[in-house]
Amino acid sequence: MTVSFISTMRRALIAGATATLLFAGAGGAAAAPLSAAPAPAERASAAPAAAHSPYARLRPLAALSAERLATGDLVAAAKWGTGSPIDDPARERVVLDSVAEQARRLGADPEATVRIFRDQIEASKIVQRGLFREWDADPSRAPAERPDLNEVRKEINRLNGALVRAIAASPQARSAPYCAPLVAVSAARIRYERHLDPLHTVALARSLRSVCG
């Protein structure tokens, strides 16, 4: 999975010119030269198109997935040393039932939403297990304070709602042939912007596995 994801990112980056057209929602239109600055009126007319471009629809899925993964660090810190298992089927069922219901209210596909959230949950487990291994190997790196897991879950619930809305807003982009390259480019950019380490990079790839349907 990871090798495949990295290969997809490479193909997407090599095809940068094509991706640029898609980011702008230009379809088959030619891209303007970099030296040609658009006039104010042109910038104003381009803004709505960019806001509804495939890239603009798909990037929030990667960005929110990265935010959700960051909460995995807090969940791991809350569970560390308590004997609480990383796998929590009861909690997972609550999350999946909740996002399915939210998807129905928004007119989105609940099955696709649940499929994406299963990947989100598994990605969080990758982070938690990875951190547990690091802390076992070097206890000096273990967290000195234990977050309140209930408070962490409030933040997770907030991100879940935002992610369900992003899924509901992107059915066409997620089913299009260009979905995988654009998601890969989004993930690569977010990895760079957030300075993700190898553990969180692998987890981000896992979290996005089912975004493109």
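Quick note: structure is the one above.
Report follows, based on the coordinates. (Residues numbered from 1 in each chain as written. Predicted model: local features only at pLDDT ≥ 70, side-chain atom pairs only at ≥ 80, totals over all residues. Heavy atoms only, no water.)

**With respect to the environment of A184**
Examined against the element boundaries, A184 turns out to sit in helix α9 (residues 179–194). In this structure the C-alpha to C-alpha distance between A184 and A205, which are 21 residues apart in sequence, comes to 8.5 Å. (Helix = DSSP H or I, 4+ residues; strand = E, 2+ residues; numbered from the N terminus.)

**Section: the packing of aromatic side chains**
Within the structure shown, the criterion is met by 3 aromatic pairs. With 5.4 Å between their ring centres and 75 degrees between their planes, W80 and W135 make a pair best called edge-to-face. You can see W80 sitting in the loop between α4 (54–79) and α5 (89–106) and its partner W135 sitting in helix α6 (residues 110–137), a full 55 residues away along the chain. Ring plane angle 40 degrees and centroid distance 6.1 Å describe the contact between F132 and W135, whose orientation is recorded as tilted. Of this pair, F132 and W135 both sit in helix α6, 3 residues apart, which is roughly one turn of the helix. We note that F132, like W135, is buried. Grouping aromatic residues by their ring pairs yields a cluster made of W80, F132 and W135. (Phe/Tyr/Trp six-rings, centres within 6.5 Å; stacked < 30°, edge-to-face > 60°. Buried < 20%, exposed > 50% of the residue type's maximum accessible area, 1.4 Å probe, protein only.)

**Some points on the packing of α5 against α6**
With their axes 9 Å apart at the nearest point, α5 and α6 run at an angle of 145 degrees to one another. As α5 runs across α6, the sense of the crossing is right-handed. Each of E92, R93, V95, L96, V99, A100, A103 and R104 in α5 lies in contact with α6, whose residues at this interface are P110, T113, V114, F117, R118, I121 and K125. In terms of residue class, the contact of α5 with α6 is made up of 9 nonpolar, 1 polar and 5 charged. (Axes fitted to C-alpha atoms, helices over the stretch in contact; angles between N-to-C directions. Left-handed = near helix turned anticlockwise from the far one by under 90°. Contact = heavy atoms within 4.5 Å. Nonpolar A, V, L, I, M, F, W, Y, C, P; charged D, E, K, R; others polar.)

**Some remarks on the environment of E134**
Here E134 shows up in helix α6. Ignoring sequence-local partners within four residues, the contact set of E134 consists of R141 and L199. A polar contact of 3.5 Å, which involves the side chain of E134, links it to the side chain of R141. (Polar contact = N/O pair within 3.5 Å; in protein donor to acceptor, adjacent residues only side chain to side chain.)

**Description of the side chain of K125**
Take K125: it is sitting in helix α6. The contact partners of K125, leaving out residues within four places of it in the chain, are I86, D87 and E92.

**Looking at the pattern of salt bridges**
Pairing is possible between side chains of opposite charge, provided their charged atoms come close. Taken as a whole and judged by the stated rule, the model has 15 salt bridges. Its salt-bridge partner being K125, residue D87 comes within 2.7 Å of it at the nearest N-O pair. Here D87 is found in the loop between α4 and α5, whereas its partner K125 is found in helix α6, with 38 residues between them in sequence. Taking relative accessible area as the criterion, D87 reaches 36% and is therefore assigned partly exposed. (Salt bridge = Lys/Arg side-chain N within 4 Å of Asp/Glu carboxyl O.)

**What to know about the state of the cysteines**
By definition, a disulfide links the sulfur atoms of two cysteine residues through a covalent bond. Per the stated rule, a full pass over the model turns up 1 disulfide. Sulfur-sulfur distance for the disulfide between C179 and C212 comes to 2.0 Å. The disulfide joining C179 to C212 has a torsion of about -80 degrees about its S-S bond and is therefore left-handed. One end of the pair, C179, is in helix α9; the other, C212, is in the segment after α10 (198–207), and 33 residues separate them in sequence. Residue C179 is classed as buried on the basis of its relative accessible area of 0%. Classification of C212 as partly exposed rests on a relative accessible area of 28%. (Disulfide = S-S within 2.5 Å.)

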